[in-house]
Amino acid sequence: MKKNILFLLFIFTLGLSTGCNPQKSPENGTGLLTGDELEHYTSQFGLPLDQVKENLAFSDLTLTDDALGIWQTSEKRAVNGLEFSLLLYENPYDGSLYRYSYGFGAPDETVLETGFSIASQAMEAYGSPSTYPGISTGIFNEEGKPKEPDPSEEFFCETWQISEEVQFKLSIFLTEEQNIINLEYSNEPAEWQPRPRKK
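This one's a predicted model, so the numbers in the text were calculated from it and none came from an experiment.

## Remarks on the pairing of strand β1 (residues 61-65)
Moving on, step 1. In the sheet, β1 pairs with strand β2 (residues 70-79) via 4 bridges, with the strands oriented antiparallel. Across the sheet, L61 pairs through a bridge with T73, a residue of β2.
Moving on, step 2. Counted between consecutive antiparallel strands, the loop separating β1 from β2 contains 4 residues, among which G69 sits at a positive phi close to 65 degrees.

## Section: the confidence of the model for the protein chain
Close inspection of predicted coordinates is inappropriate for parts of the model with low pLDDT.
Moving on, step 1. Residues of the protein chain with pLDDT of at least 70 account for 80%, and the chain-wide mean is 82.
Moving on, step 2. The secondary-structure element of the protein chain with the lowest mean pLDDT is helix α1 (residues 2-18), recorded at 45, while strand β7 (residues 179-186) shows the highest, at 97.
Moving on, step 3. A low-confidence stretch, residues 1-13 (pLDDT under 50), is modelled with 17 contacts involving residues beyond four sequence positions or located in other chains.
Moving on, step 4. A low-confidence stretch, residues 15-27 (pLDDT under 50), is modelled with 29 contacts involving residues beyond four sequence positions or located in other chains.

## Describing unusual backbone geometry
Moving on, step 1. Although it is not a glycine, A57 sits at a positive phi angle of roughly 55 degrees.
Moving on, step 2. Position of A57 among the secondary structure elements: in the loop between α3 (49-55) and β1.
Moving on, step 3. The class of A57 is exposed, set by a relative accessible area of 63%.
Moving on, step 4. Not every positive phi belongs to a glycine, and N80 is a case in point at roughly 55 degrees.
Moving on, step 5. Residue position: N80 is located in the loop between β2 and β3 (82-90).

## Focus on the pattern of salt bridges
Moving on, step 1. Evaluation of the coordinates by the stated rule reveals 2 salt bridges.
Moving on, step 2. Two residues, E37 and R77, come together in a salt bridge whose shortest N-O distance is 2.7 Å. In this pair, E37 sits in helix α2 (residues 35-42) while R77 sits in strand β2, placing the two residues 40 residues apart along the sequence.
Moving on, step 3. We classify E37 as partly exposed; its relative accessible area is 29%.
Moving on, step 4. The exposure class of R77 is buried, given its relative accessible area of 2%.
Moving on, step 5. Put simply, E184 and R99 hold a salt bridge, and the shortest N to O gap is 3.8 Å. Highlighted residues: E184 in strand β7 and R99 in strand β4 (residues 97-106), separated in sequence by 85 residues.

## Side note on the environment of L47
Moving on, step 1. Along the polypeptide, L47 turns up in the loop between α2 and α3.
Moving on, step 2. Of the residues examined, L47 reaches a relative accessible area of 23% and is grouped as partly exposed.
Moving on, step 3. Along the backbone, L47 and D94 are 47 residues apart, and their C-alpha atoms lie at a distance of 9.5 Å.
Moving on, step 4. If we ignore the near neighbours within four places in the chain, the residues touching L47 are V52, N55, G95, S96 and L97.

## Some details on α2
Moving on, step 1. Buried residues of α2: L38, Y41 and T42, and no others. Within α2, the buried residues cover an arc of 90 degrees as seen down the axis, which keeps them to one side. Looking at α2, the residues exposed on the side facing more than 90 degrees away from the buried face are D36 and E39.
Moving on, step 2. The inward-facing, buried residues of α2 contact β2, β4, α4 (110-126) and β7.

## Quick notes on the environment of T114
Moving on, step 1. In this structure, T114 sits in helix α4.
Moving on, step 2. Judged by relative accessible area, T114 falls into the buried class, the value being 15%.
Moving on, step 3. In the structure, T114 is positioned 67 residues away from I181 in sequence and 8.7 Å away in space, judged by C-alpha atoms.
Moving on, step 4. Contact partners of T114, with chain neighbours within four places excluded, come to N80, L82 and I181.

## Quick word on the sheet that holds β3
Moving on, step 1. Ordered by their spatial adjacency, 7 strands build an open sheet running β1-β2-β3-β4-β7-β6-β5, and the pairing between neighbours is antiparallel. Each of the sheet's edge strands pairs with one partner strand only, and the pair in question is β1 and β5 (155-161). Taken over all neighbouring pairs, the strand axes of this sheet differ in orientation by 30 degrees on average, direction set aside.
Moving on, step 2. Strands in contact with α2 are β2, β4 and β7; relative to β4, the strand with the most contacts, it is inclined by about 120 degrees.
Moving on, step 3. Relative to strand β6 (residues 167-174), α4 is tilted by about 170 degrees, and along the sheet it contacts β2, β3, β4, β5, β6 and β7.

What counts, and where the lines are drawn
Residues numbered from 1 in each chain as written. Predicted model: local features only at pLDDT ≥ 70, side-chain atom pairs only at ≥ 80, totals over all residues. Heavy atoms only, no water. Pairing = 2+ DSSP bridges. Helix = DSSP H or I, 4+ residues; strand = E, 2+ residues; numbered from the N terminus. pLDDT = per-residue confidence, 0-100. Contact = heavy atoms within 4.5 Å. Buried < 20%, exposed > 50% of the residue type's maximum accessible area, 1.4 Å probe, protein only. Salt bridge = Lys/Arg side-chain N within 4 Å of Asp/Glu carboxyl O. Arc of directions from axis to C-beta. Axes fitted to C-alpha atoms, helices over the stretch in contact; angles between N-to-C directions.

As structure tokens, then:
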């Protein structure tokens, strides 16, 4: 149920920023986050969102879901020739950043194959996934090879533990309206602490 609610919220937010058709590659950034760029972005985890906005030179942030702390940015990123829109997730208890979510959605059937291709790139960049090998929703088989993409499935997902603090998660959702690729970098707190009350 929780996954379905988050998925519907994601589709709504994604529709605001990308529409339903594939876009041309942007100039903001390309490929998965690696090296110094990955370090720069993930070093912002735990910082107040206002400071993150300044550090990453985001021109604007729009709150799209107050309860979940989801903020839409104007930043785009090209991965495999598709334009991904960036959402920021704010810890609702202390106002700090804990997740980046790059999303792309289109009715194009090639989205599934592209998602699998990006997963192979993630394998090269981050090593083997930390997901249990061979699970039905996984992208790789028990030998670590990509499965044959099956359009009859509705959901695929793999997770990489990039470091002790940072995870990367690639999700593919297939629906009648549009197909979604979601790329998430996160550092979710082990325990949520209550937001301090304002005096």
